[in-house]
Amino acid sequence: MKPTKKDRLGMALFMTPALVLFVLFFIIPVGYVLVVSLFKWNGMTAATFVGMKNYVTIWKDPVFRRSVINNVLWALVASCVQVPLSVLMALILNRKPRGWKFFRTVYFFPQVISGVALAMLWSAMYNSEYGLINGILRAIGRGDLAINWLGTLNTALPALLIYWVFYIGYYMVIVMSDLSGVDKDFYEAAEIDGASKIQQAWFISLPMIKSSVLTCMTLAAVLGLRQFEQVYLLTNGGPANRTSTMVLYLYKQIQNTRYGPANAASVMLICVGVIVILGIRALFKLGRSSRN
Amino acid sequence: MTKRNETAYLNAGDAAKAGLGKVLKWILMLFFAFYTLFPLIWLIISSFKTNTELFGDPFSLPAVWQIGNYINAFKVSGLLKMMGNSVVIGGLSTVLNVLCASMLAYCISRFHFKGREAIFTFFAAGILVPLNALMVPYYVIISQIGLYNTRAGLILLYSAIGIPMSTFIIRGLMDSLSREIEEAAYIDGCGFFGRYFRIILPLSQNGIVTAATFQFLTCWNEFVFANLLTSSQNVRTIQLGIRYFTNQFSTDFVSMYAAIVISIVPSIIGYMIFQKQIVSGLTSGAVKG
């Protein structure tokens, strides 16, 4: 509908609250981190302009570099292991085996339970004395393998990544909602031509859901880059900063009132996010055009 | 004769293959279900044990089911107060969020004006902003307007950061409503506000419930900003609560488990009731974005 004069007044009134909140909590903050990242500031004394120095400082900090590597690992594991597993389970549940609704509900549980509760749960699971994992190891007579999983240099990061990777509900549900739109006739035609279930999944379903798989991979990568809560609660970056992430690094800079470096880390995080999103999109486009 | 034998052989091979596939399929399905449920069940069972039992054998069932752990959790931690805070903060921010988002979505979806797609694209891009990266400015803004360590501060922040998602969901639904009803109302003299409150809002109920459910769940589970923007015990939300249980129950693990279980229960119940809305809320942004 074309707005009348009266409508225009109403529209101005209706759009203002959302616009004000958006400007206040999205536009200004992004501008803020961009600007403050160029200053030396501790929140108390006057800020001095230092140009790119904060970026150089954090880049020289081995903890920050380790954080970037860890974030890339999170992103890779999430998009290259977690998402394929989710797609596999979506293809299986899409065939509506007995009890599929129950399984779909259960797989989705970790999405509705808070990150804090999950972290507490796994901190209990990994606990070296009374945790379930070491309990299992002792029960099968391999008590010698029972270690402090989150406190040992070489196991801390894998321990964090592994428990996360098998929570597939979110991506699985996204893919399933895409799969439900695939025309059943395709499967029937393939069935008549003698294609097995696996062939049907590979040659019919997968090509049809390419865009939602792309979405999931993007989401997984982006969420991997933002990873904070679990690491903060389970290891707080330890042992020896081995599990630190970019957001955790940023958080620790805030605690030390080093706002310049903190905001430089924020800007890097935003930039890496944009690069990853555009990169994955470009990759898929490349794949599409080379096939045509 | 030979031909028939061959077919039979092939069929048997196929059957074996199909059988194997079926077994594999069920192994996978059960593995993931087990993986999700077992730790939760273990936590629930452990929360009914005594500490000695927990240390003794992590697998055993409690000899006597210790309801006392739950009473402890409520007594020691001020759990009720924190749940109340979470309900108030989540509830009010959901109302504010959905109101702002639906008013904006109404304008964008139902009227043609210059720049409406530009506005929408801007908002949609907001979904992709890594909010964790904005901790410093959020802290500064909330402190500057004098809302640090208040429930109002969290309500305002939560309402704001959920607006891109809610607008996205509600607009999607409003776009699907037909023009005719609205035009008829217009001819009957129904003004801008009348059409919003009497026609569009009731008709977009589904989208609004989805957005509201999603928003409330996100607030209920939010930890990072609650941790950043509050410092005193009486404004703490339930998530901060269970985080700090670790300190309060430093030796009393079973009561801590009870507290964690108590914090999970509302999420699970809410999920069971609003499953459709939660799933579509969590996926709609993804699928169309």
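Conventions we followed
Residues numbered from 1 in each chain as written. Chains lettered and ligands numbered in written order. Predicted model: local features only at pLDDT ≥ 70, side-chain atom pairs only at ≥ 80, totals over all residues. Heavy atoms only, no water. Helix = DSSP H or I, 4+ residues; strand = E, 2+ residues; numbered from the N terminus. Buried < 20%, exposed > 50% of the residue type's maximum accessible area, 1.4 Å probe, protein only. Contact = heavy atoms within 4.5 Å. Areas by Shrake-Rupley, 256 points an atom, 1.4 Å probe, with all protein chains shown as cover. Rg over C-alpha atoms; globule rule 2.2 N^0.38 Å. Lys, Arg positive; Asp, Glu negative; His and termini not counted. Charge placed at Lys NZ, Arg CZ, Asp CG, Glu CD. Expected span 1.5 Å × (residues − 1). Buried area = accessible area lost by both parts, 1.4 Å probe. Salt bridge = Lys/Arg side-chain N within 4 Å of Asp/Glu carboxyl O. Polar contact = N/O pair within 3.5 Å; in protein donor to acceptor, adjacent residues only side chain to side chain. Core = buried A, V, L, I, M, F, W, Y, C linked by side-chain atoms within 4.5 Å. Domains from an automatic or database assignment. Disulfide = S-S within 2.5 Å. Patch = residues over 30% accessible without salt bridge, like charges linked within 9 Å, V, L, I, M, F, W, Y side chains within 5 Å.

Okay, the overall build of chain B next. What chain B contains, in helices and strands, is 15 helices and zero strands. Split into buried and exposed, the 289 residues of chain B put 52% on the buried side. Summarising the internal contacts of chain B: among those between residues at least 6 apart in sequence, 72% fall at separations of at least 24. Carbon and sulfur atoms make up 68% of the accessible area of chain B, which totals about 13100 Å².

So, on to the overall build of chain A. Counting its regular elements, chain A contains 14 helices and two strands. Over its C-alpha trace chain A gives a radius of gyration of 24 Å, far above what one expects of a compact globule, namely 19 Å for 292 residues. A fraction of 66% describes how many contacts in chain A between residues 6 or more apart in sequence connect residues 24 or more apart. Per element, the accessible surface of chain A, about 13700 Å² overall, is 67% carbon and sulfur. Mean positive and mean negative side-chain charge positions of chain A (27 and 11 charges, respectively) differ by 13 Å.

A rise of 1.5 Å per residue sets the reference length of helix α11 (residues 205-221) of chain B, with its 17 residues, at 24 Å; its end C-alpha atoms lie 24 Å apart and thus fit the reference within 8%. All buried positions along α11 of chain B are accounted for by G207, I208, T210, A211, T213, F214, Q215, L217, C219, W220 and N221 of chain B.

Opposite the 83 residues of chain A that make contact, chain B presents 90 residues. Both sides of the chain A and chain B interface together cover about 8000 Å² of buried area, and 81% of this is carbon and sulfur. It is M1, F14 and Y130 of chain A in chain A that bury the most area against chain B; as a group they hold 12% of the surface buried on that side. Where chain A meets chain B, there are one salt bridge. In this structure, the salt-bridge partner of R195 of chain B is D7 of chain A, at a minimum N-O distance of 3.1 Å. Taken together, the connections running from chain A to chain B amount to 13 residue pairs in polar contact (both at pLDDT 80 or more). Among the elements that take part in the side of chain A that touches chain B, helix α1 (residues 5-36) of chain A stands out by supplying 19 residues, more than any other.

Counting 182 residues, the largest nonpolar core has F25, Y107 and M172 of chain A together with M135 and F225 of chain B as the members making the most contacts within it. Per-element tally for this core: the top contributor is helix α4 (residues 79-110) of chain B, with 13 residues. Summarising the domain contributions, this core has at least three residues from each of domain 1 (2-46) and domain 2 (79-288) of chain B. The contact partners of F225 of chain B, leaving out residues within four places of it in the chain, are L131, N132, M135, Y138, L154, L157, Y158 and I161 of chain B. Counting five residues, the second-largest nonpolar core is a separate cluster that includes A75, A221, L225 and I280 of chain A.

Attention now moves to the domain arrangement of chain B. Residues and elements named next belong to chain B. Taken as a whole, chain B is organised into domain 1 (2-46) and domain 2 (79-288). On a C-alpha basis, the centres of domain 1 and domain 2 stand 41 Å from each other. Opposite the five residues of domain 1 that make contact, domain 2 presents five residues. Broken down residue by residue, the surface that domain 1 buries against domain 2 is led by L40, L43 and S46, which jointly contribute 78%. Taken together, domain 1 and domain 2 are joined by zero salt bridges. For the interface between domain 1 and domain 2, the tally reads zero residue pairs in polar contact (both at pLDDT 80 or more).

Turning to the pattern of salt bridges, a few remarks are in order. Residues and elements named next belong to chain B. Across all of its chains, the model carries six salt bridges over all chains by this definition. The partner of E117 in a salt bridge is R171, with the nearest N and O atoms 3.1 Å apart. Separated by 54 residues along the polypeptide, E117 in helix α5 (residues 116-126) and R171 in helix α8 (residues 163-175) bring together distant segments of the chain. The partly exposed category is assigned to E117, whose relative accessible area is 38%.

A few words on the state of the cysteines. Where two cysteines share a covalent bond between their sulfur atoms, that bond is called a disulfide. All names here are of chain B. Overall, the coordinates contain zero disulfides over all chains when judged by the stated rule. With no disulfide partner, C100 has as its closest neighbouring cysteine sulfur the one in C107, 12 Å distant. Take C100: its relative accessible area is 5%, and that puts it in the buried class. C100 supplies the cysteine sulfur nearest to C219, a cysteine that is in no disulfide, at a spacing of 13 Å.

Below, the discussion takes up a positive patch on the surface. A contiguous patch of positive charge on the surface is contributed by R95, K96, R98, K101, K184 and K197 of chain A together with K22 of chain B. In this structure, K197 of chain A sits in helix α10 (residues 197-208).

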